[in-house]
Amino acid sequence: MREDRLKVEESERTEAPALMEESERTEKTPKDPSPLSEEQQHVPQRGELALQTGGSEGQPAVGALPQEGQGGQEGQGSSPDPRVEGGAETRGPPPGGPQGGVLRGPDLLGYVGIEAVLDQMRRKTMKAGFEFNIMVVGQSGLGKSTLVNTLFKSKVSRKSCSPNYEEKISKTVQLQSVSHVIEEKGVRMKLTVIDTPGFGDQINNDRCWEPVVKHVNEQYEKYLKEELRVNRQRKIPDTRVHCCIYFLPASGHWLRPIDVEFMKRLGKIVSIVPVIAKADTLTLEERTEFKQRIRQDLVANGIQVYPQKENDEDAEERLLNNTIRESIPFAVVGTDREHQVNGHRVLGRKTKWGIVEVENVAHCEFANLRDLLIRSHLEDLKQVTHDVHYETYRVQRLTAGAVHQGGPNGSDLESHL
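First, a word on what this report is: a plain description of the structure on this page. All residue numbers refer to position in the chain's written sequence, counted from 1. Local features in this predicted model are restricted to residues of pLDDT 70 or higher, and side-chain atom pairs are both shown and tallied only at a pLDDT of 80 or more, whereas totals for entire chains, interfaces and linings draw on every residue. Computation of side-chain values: all heavy atoms of the structure, hydrogens and water removed.

Another point: a nonpolar patch on the surface. Excluding any residue in a salt bridge, patches collect residues exceeding 30% relative accessible area, merging like charges within 9 Å and nonpolar Val, Leu, Ile, Met, Phe, Trp and Tyr side chains within 5 Å. Note on areas: Shrake-Rupley with a 1.4 Å probe; residue coverage comes only from the protein chains shown. A side-chain nitrogen of Lys or Arg and a carboxyl oxygen of Asp or Glu constitute a salt bridge if their distance falls within 4 Å. Judged by side-chain polarity, L103, L108, V112, I114, V117, L118 and M121 come together as a nonpolar surface patch covering roughly 720 Å² of accessible area. For the purposes of this entry, the term helix denotes a DSSP run of H or I that reaches at least four residues, the term strand denotes a run of E that reaches at least two, and both are numbered from the N terminus. Tracing the backbone through its elements, the reader meets M121 in helix α3 (residues 116-128).

Structural data, given as structure tokens:
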């Protein structure tokens, strides 16, 4: 055993210098370049750049390609863009826009109180109140005043406000307005009803729509003057017409030439809502056919009625307005008298065969008209008047240089600048 151990030690002493000499010769002699392996030849794709294993931040990852605009010198690699598609992390804002996002309730650390803005707006609106101006147009005897009284469940028409009023046929179209302040549950509204006595009552109704067009433009002009004043009022009085209810006689045929000409011209400067007056004189079949003919005439003559499709803001509003457009014109019945029906007091018209309930959608479409004008689209009517019709008038006046030449009534806006 001792002899074998001595032989092994002597063998190690003999081989050690030989291995050291061979190692020194290998280090001095450069290696021949060998072909790259498949893994070394593989060029990483775009989605693989962020997945390469590499050193600490700021050092190039294995196989990373130098980016454009970065140093590509030997020994100085460039880190891949961490925002690339398929990357494991995202640093900084997304390309093409500032950093941001939508923070909702679960993402917040606590209650902020943003929803209290609605209460603030409600308090200011209830304190200041708001204005709504409605125009009714149609020939005498169609129940314009009665319908307006039914809409607001009070005597707001000029006939109801004049104790000694006598029905007279005007020789010309004269616009008359009456204003009221209506308060309901703490909310105040200044309501102005503009009536057009004499419209369509003459034998010759040529250009009978001109006084109506002139009145609408005069209110736009008045508002524009106040806007252009150097020292203008804090709140400009709004006398602009927000809605025009046009009454169609229940003839059961089609639109008359006067109806077509009026709505053609007024539809461009004010929101028009056509209605079939005294619809209880038509059967259900006659009413359906008449409404269909009117819709065809509106499309054939390019008449714009409210609500217009181009003013729909989103899918939900478009769905609601499509339902309204399918019901236009509204077949309505107006009355200010109540009757007893099944133990309840209802507004209605009593006939020999029964009572026509005004607010019953199975009898007429008054409830749909009321919801449109007051409960669902009142604020939208005011918004469309300001953003569409008034804005169109303002651009036309200022573009045409009318500020220096005076308005349609000879007024000069330059003095107010």
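Bringing the sheet that holds strand β5 (residues 272-276) into the picture now. Pairing is mixed in the open sheet, where six strands are placed in the order β2-β3-β1-β4-β5-β6. The outermost strands of the open sheet, each flanked by one partner alone, are β2 (176-184) and β6 (330-331). Any two strands with at least two DSSP bridges between them are considered paired. One ladder, built from nine bridges, connects β2 with strand β3 (residues 187-195); its direction is antiparallel. Counterpart to I182 in the pairing with β3 is M189. In what follows, a contact means two residues having at least one pair of non-hydrogen atoms within 4.5 Å. Each axis is a line fitted through C-alpha atoms, taken for helices only over the stretch in contact, and angles between the N-to-C directions span 0 to 180 degrees. Against the sheet, α3 contacts β1 (130-137) and β3, and its axis sits at roughly 50° relative to β3.

Moving on: the packing of aromatic side chains. In this scheme Phe, Tyr and Trp rings, the latter by its six-membered ring, pair at centre separations within 6.5 Å, and the angle between planes marks the pair as stacked below 30 degrees, edge-to-face above 60, and tilted otherwise. Applying the stated rule across the entire model yields six aromatic pairs. Between the aromatic rings of Y220 and Y390, the centroid separation amounts to 6.1 Å while the plane-to-plane angle is 55°, which identifies the pairing as tilted. Residue Y220 is located in helix α6 (residues 210-228), and its partner Y390 is located in helix α11 (residues 378-399); the two are separated by 170 residues in the primary sequence. Exposure class is identical for Y220 and Y390. Each is buried. For each residue, the accessible area found with a 1.4 Å probe, counting protein chains only, is set against the maximum for its type, and the residue is called buried under 20%, exposed over 50%, and partly exposed in between.

This next bit is on the layout of surface pockets. Using protein atoms alone on a 1 Å grid, points that fit a 1.4 Å probe yet trap it form a cavity, whereas open point sets bounded by protein on both sides within 12 Å along at least five of seven lines form a pocket; residues with an atom within 4 Å of a point count as lining. Grid points are joined across faces, edges and corners, and a volume is the space filled by probe spheres set on the points. Roughly 1,300 Å³ of volume is contained in the largest pocket. Of all the elements in the fold, those that place two or more residues in the lining of the largest pocket are α3, β1, α4 (144-152), β2, β3, α10 (366-376) and α11. Top element by residues in the lining of the largest pocket is α11. It accounts for seven residues. Residues are sorted three ways: Asp, Glu, Lys and Arg are charged, Ala, Val, Leu, Ile, Met, Phe, Trp, Tyr, Cys and Pro are nonpolar, and all the rest, Gly among them, are polar. A breakdown of the residues in the lining of the largest pocket according to their chemical character gives twelve nonpolar, seven polar and 15 charged. Counted as a void, the second largest pocket has a volume near 360 Å³. Forming the boundary of the second largest pocket are 13 residues, of which V299, I303, V305, K309 and R325 lie nearest the centre. The leading source of residues in the lining of the second largest pocket is helix α8 (residues 284-300), at three residues.

Cis peptide bonds are those with omega within 30 degrees of zero, and the linkage from Y306 to P307 qualifies with 0°. One can find P307 in the loop between α8 and α9 (315-327). Look at the link from I328 to P329: it is a cis peptide, with omega at -5°. Structurally, P329 can be placed in the loop between α9 and β6. For K153, which is not a glycine, the phi torsion comes out positive at approximately 50°.

If you trace the backbone, M189 turns up in strand β3. Apart from the residues lying within four places of it in its own chain, the contact partners of M189 are F130, F132, F152, H180, V181, I182 and L378.

With that settled, consider the pairing of β5. Both faces of the sheet carry side chains from a regular strand, because those side chains alternate between them. Burial within β5 is extensive, with five of its five residues counted as buried. On β5, burial covers both faces: I272, P274 and I276 on one face and V273 and V275 on the other are all buried. In this sheet, β5 lies alongside strand β4 (residues 243-248) in parallel orientation, the contact comprising five bridges. Across the sheet, residue F247 finds its bridge partner in β5, namely V275. Clockwise travel from the first strand over the helix to the second, with the strands pointing away from the viewer, marks a crossover as right-handed. Handedness of the β-α-β unit built from β4, helix α7 (residues 257-266) and β5 comes out right-handed. Of the pairings in the sheet, the one linking β5 to β6 comprises two bridges and is parallel in character. Residue pairing in the sheet places V275 in a bridge with F330 of β6.

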